[in-house]
Each structure stands twice: as C-alpha cells, then as structure tokens.
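Working through the structure, step by step
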Amino acid sequence: HVEIRLVKRMRDISAVAPGPVPAWAQGVAFPELGVVVVARFGERGAVLDTNKTLAHELAHLALGRALSGGDPARTGRVPRWLTEGFAYVHSADFSFARTTTLMGAAFSRSLIPLAQLDAAFPAREDEAELAYAESYDFVAHLAERGRWADSDDDGDRSAFLVFLAELGAGNSVDASAQVGFGMPLAELEKEWLASLSKRYFWVPIVAFSSLIWVLGALLLVLGWWRRKRGAHKTLQRWAREEDAANDAPE
C-alpha cells in the first residue's frame with residue numbers, strides 16, 4: 001500500500017509530510033510509512049515534472065521496502081547515498097547542473113567522502129547539491145559495473161543486484177560489496193574517483209580550446225567592426241572634402 005499526496009507548491013510539502021523536508025525538495029518519500037509527497041509547481045510558479053518526481057520517490061519506496069526485510073525499522077539503515085543514487089538510476093533524473101557541480105568538485109578536490117553521506121546530507125543547498133550529484137554518479141557506476149573491473153566483464157548489473165540482495169539479507173555495506181563486487185566499499189570508492197578523473201580529464205583542454213576559438217571569433221568581429229567604422233569615417237571625410245571643393249569660389 002502506497003499513499004501519494006499531491007500538493008500545489010513546494011512550500012506546501014512540509015504541511016502534509018509526516019517528517020522533516022528540505023526547503024528545496026520537489027518531492028519526498030517515507031518508505032517506513034509508505035507515503036510519498038509530490039509538488040506540482042515550484043516556488044516561482046514553474047511547472048514541475050510531476051511524473052519524473054513521482055518515479056524518483058517511488059524508487060525510494062521500492063528500495064526501502066526491498067532492503068527492510070519486512071521490518072520497517074530497518075528502512076532507515078540504508079545509506080543515504082545509496083537510496084538517492086538508486087532513485088536516480090530508476091527515474092532518469094538527469095541534471096546538467098549537477099553534472100557540472102560534480103565536475104567542478106572533482107577538479108577542486110572538494111568531493112564529500114561517501115562515509116559522510118551514510119546517514120544524512122548537508123543542510124546547505126549547495127553542499128546538498130554536490131551530495132546528490134556524487135550519490136547519483138557513484139550508484140550509476142556500481143549499477144553499470146560487472147563483477148570484475150575489466151573490459152571483458154559485460155557489466156550486466158548482476159553484481160549490483162547481488163550487492164542489494166546481500167544488504168536485504170541484513171549484511172553490512174562492506175560485506176555486501178565484497179560479495180557482489182569482490183572488494184569493500186572503500187576500494188570501490190577509489191575506483192569511482194579514478195573514473196571521474198579519466199572522464200573529466202579532457203574537459204579543461206576542450207574548454208581552453210573553445211575559449212581560444214571564442215576569443216578569435218570576437219577579435220575577427222571587432223576587426224570587421226573597426227574596419228567598417230573606419231571606412232564609414234573615410235567616406236564621410238571624402239564627402240566633406242567634396243562639398244568643400246564644390247563650395248569653393250572659382
């Protein structure tokens with residue numbers, strides 16, 4: 001049984017939610033109660049994608065129920081990064097802003113260790129945005145990874161399913177990761193961080209090259225404008241000289 005509560009605006013969520021809600025949330029789920037709350041409009045009247053938000057929140061419920069082992073009290077023991085990342089994988093909630101947030105944090109070495117995201121996310125919205133981005137990317141990495149980290153592994157998600165099954169059986173995250181992926185969570189996190197470096201290594205090069213092209217284009221436009229302005233002034237000078245010559249007494 002699932003109860004879905006639809007409200008008009010984001011600020012209305014806290015009034016009907018059975019627990020605390022971040023101010024920026026478009027929806028929220030309470031797996032232990034089977035309750036989902038979704039907003040229809042943003043604070044400035046923007047129409048929200050209710051179906052996408054609902055899919056995201058229902059994924060929270062599905063994972064919470066699957067890993068609770070029939071005991072609602074165990075729902076809250078699921079790492080926060082896992083439940084957020086799982087919801088992302090199953091709702092296709094892609095965000096370019098979060099991708100750029102993750103990329104910037106990777107370059108500045110300001111990523112939040114996963115251990116800090118086990119129980120809760122930061123209260124500040126900008127820090128929470130990074131926490132969501134990291135969770136999404138890390139769980140996607142696990143979901144696409146096969147049993148072994150090599151090019152011959154087909155990566156059919158079976159290892160991720162084994163990992164979830166072990167968690168559902170009541171095992172720890174480290175023990176479940178060892179069974180599913182053959183290594184503890186800390187090693188998987190290192191592997192993911194290395195993949196981030198490889199994926200985003202080319203970005204500064206492309207950005208610098210693009211900047212050179214943009215500057216070059218601006219210089220060309222500026223040169224064309226200056227030449228056009230110079231030609232216009234020359235024509236005006238010739239016109240004045242011609243008028244002066246015509247007005248001169250013979």
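Right above here is the structure, for reference.
This text gives an overview of the structure that appears in the document. This one's a predicted model, so the numbers in the text were calculated from it and none came from an experiment.

At a minimum axis distance of 7 Å, the contact between helix 2 (residues 50–68) and helix 6 (residues 158–168) shows a crossing angle of 55°. By the angle between their axes, helix 2 is oblique relative to helix 6. Two secondary-structure elements touch here, helix 2 through Leu 63, Ala 66 and Leu 67 and helix 6 through Leu 164, Leu 167 and Gly 168. Taken together, the residues of the contact of helix 2 with helix 6 break down into five nonpolar, one polar and no charged.

Let us look at the packing of aromatic side chains. Inspection of the entire model under this criterion finds seven aromatic pairs. Ring centres of Phe 138 and Trp 192 lie 5.4 Å apart, and the angle between their planes is 65°; on these two criteria the pair is classed as edge-to-face. Highlighted residues: Phe 138 in helix 5 (residues 125–144) and Trp 192 in helix 8 (residues 185–200), separated in sequence by 54 residues. For the pair Phe 138 and Trp 192, a shared accessibility class is recorded, and that class is buried. The structure contains a cluster of three or more aromatic residues connected by ring pairs, namely Tyr 88, Phe 121, Tyr 132 and Tyr 136. Directly above the aromatic system of Phe 41 lies the positively charged group of Arg 40, at a separation of 5.6 Å from the ring centroid.

This next bit is on the pattern of salt bridges. All told, the structure shown has five salt bridges when counted by the stated rule. A salt bridge links Glu 3 to Arg 5, with the nearest nitrogen and oxygen atoms 2.8 Å apart. The class for Arg 5 is partly exposed, based on a relative accessible area of 25%.

The description of two helices packed together rests on the angle between their axes and the distance between the axes. Between helix 2 and helix 3 (residues 80–89), the shortest axis-to-axis distance is 8 Å and the interhelical angle comes to 130°. As far as their axial angle goes, helix 3 and helix 2 are oblique. In the crossing of helix 2 with helix 3, the sense of the turn from one axis to the other is right-handed. In contact with His 56, Ala 59, His 60, Leu 63 and Leu 67 of helix 2, helix 3 contributes Leu 82, Thr 83, Glu 84, Phe 86, Ala 87 and Tyr 88.

Conventions used here
- Residue numbering note: each chain is counted from 1, following its sequence as written.
- Owing to the predicted nature of the model, reporting of local features is limited to residues with pLDDT of at least 70; listing and counting of side-chain atom pairs is limited to 80 or more, with chain, interface and lining totals taken over all residues.
- Only hydrogens and water are removed before side-chain values are computed, so all heavy atoms of the structure are retained for them.
- Axes, fitted as lines to C-alpha atoms, cover a helix only where it is in contact. Angles between the N-to-C directions of the axes lie from 0 to 180 degrees.
- Elements are defined by DSSP. Helices are runs of H or I of four residues or more, strands are runs of E of two residues or more, and each kind is numbered from the N terminus.
- When describing relative orientation, an angle under 35 degrees is termed roughly parallel and one over 145 degrees roughly antiparallel, while 65 to 115 degrees is termed roughly perpendicular and anything else oblique.
- Note on definitions: a residue-residue contact is assigned when non-hydrogen atoms from the two residues lie within 4.5 Å.
- Only Asp, Glu, Lys and Arg are considered charged, only Ala, Val, Leu, Ile, Met, Phe, Trp, Tyr, Cys and Pro nonpolar, and every remaining residue, Gly among them, polar.
- Aromatic pairing here means that ring centres of Phe, Tyr or Trp (its six-membered ring) are within 6.5 Å. Orientation follows from the plane angle: under 30 degrees is stacked, over 60 is edge-to-face, and everything else is tilted.
- Exposure is judged per residue with a 1.4 Å probe applied to protein chains only, and the accessible area is read against the type maximum: over 50% gives exposed, under 20% gives buried, and values in between give partly exposed.
- Whether a charge sits over a ring depends on NZ of Lys or CZ of Arg being within 6 Å of the ring centre and within 35 degrees of the ring normal.
- Here, a salt bridge means any Lys or Arg side-chain nitrogen found within 4 Å of an Asp or Glu carboxyl oxygen.
- Left-handed describes a crossing whose near helix is turned anticlockwise from the far helix by less than a right angle; the clockwise case is right-handed.

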